[in-house]
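As a plain string of letters, each chain reads:
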Amino acid sequence: MKSNRPLITFIAMHADIVDLRQFYHSDLGRFAEQSIAMALSSLWVRLPQERLVGLGYAVPFLDRFQSDTERTFAFMPAGQGAVNWPMGSLSSTTLIFDEELPLPDSSIDRVLMVHSLEFAESPRETLKELWRVLAPGGRLVIVVPNRRGVWARMEHTPFGSGRPYSRGQLTHLLRETNFTPGATAEALFFPPSKLRTILRLRRAFERIGRTLWPAFSGVIIVEAQKRLYQGLPVAARASRRVFVPVLAPHGVPTTRNR
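Given the structure is predicted, the values throughout are model-derived calculations rather than measurements.

### Some points on unusual backbone geometry
Part 1 of the argument: Cis geometry is found at the peptide bond from W85 to P86, where omega equals -5°.
Part 2 of the argument: On the secondary structure map, P86 appears in the loop between β2 (71-77) and β3 (93-96).
Part 3 of the argument: The phi torsion at H115 lies on the positive side, around 55°, for a residue other than glycine.
Part 4 of the argument: Here H115 lies in the loop between β4 (108-114) and α4 (123-133).
Part 5 of the argument: For H115, a relative accessible area of 1% corresponds to the buried category.
Part 6 of the argument: Phi angles above zero are rare outside glycine, and N178 is one such case at about 75°.
Part 7 of the argument: Residue N178 is classed as buried on the basis of its relative accessible area of 2%.

This is the structure we're talking about:
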């Protein structure tokens, strides 16, 4: 028997670039960055002469890898907005649609997704596009809010927005899009509190949390490798994006006055 109830699709709104910058400039944001960076260092130590793309808002972590890489790009979704990176030098930032990256096939060695997958309109299409641009043997690291963690339930941080994941959901999604999940890590075991008393105890929370309650971390971090031995159907697909021409702003003449 068919149901007449309409299908409801969950569409996550991107976190705004201004809110993301403000968060990482706060004390809570800096401590969150340190916790995630420590977990990332257990997966990626150095990236000698490799091509790295940070997708979403990964700039707080790209500085740690940039000196080793051949080149590093910061790809920021149009729904989020973009800022110049790195500061004080030529910009490596590009405003993109995450399902249509401006890169040729097999052109990138590593991708780091932070504040990205949880906001993707179609996570499968986004991961398929990353599969396309990754070189053979290329690796992907995804940082997503843990649906069991406290951080996913608090809206005063970027991790409280978007679609949180369980480890099983993320593993299934990666396998479905032709990636082989590998090493994992966890971060953000301390509560997302702005109280200085709590923040002073963050190192103890992180140390104890990794031992006693790893399933309740604030974020899940998973590394995956591009899988080549299984065929991936390739089909031409039309862009789902509608590009609107930009009109000349008021006060700017479109023709010269004679």
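That was the structure; now back to the text.
### So, the packing of aromatic side chains
Part 1 of the argument: Counted by the stated rule, this structure contains 8 aromatic pairs.
Part 2 of the argument: For the ring pair Y24 and F61, a centre distance of 6.3 Å and an interplane angle of 90° mean the geometry is edge-to-face. With Y24 in helix α1 (residues 17-25) and F61 in helix α3 (residues 59-66), this pair connects stretches of sequence that are 37 residues apart.
Part 3 of the argument: With relative accessibility at 0%, the residue F61 sits in the buried group.
Part 4 of the argument: One aromatic cluster in this structure is built from F23, Y24, Y57, F61, W151, F159 and F190.
Part 5 of the argument: Here the basic side chain of R202 rests over the ring of F31, its NZ or CZ set 3.5 Å away from the ring centre.
Part 6 of the argument: The ring of W131 has K226 sitting right over it, with the charged end atom 4.3 Å from the ring centre.

Definitions and limits used
Residues numbered from 1 in each chain as written. Predicted model: local features only at pLDDT ≥ 70, side-chain atom pairs only at ≥ 80, totals over all residues. Heavy atoms only, no water. Helix = DSSP H or I, 4+ residues; strand = E, 2+ residues; numbered from the N terminus. Buried < 20%, exposed > 50% of the residue type's maximum accessible area, 1.4 Å probe, protein only. Phe/Tyr/Trp six-rings, centres within 6.5 Å; stacked < 30°, edge-to-face > 60°. Lys NZ or Arg CZ within 6 Å of the ring centre and 35° of its normal.

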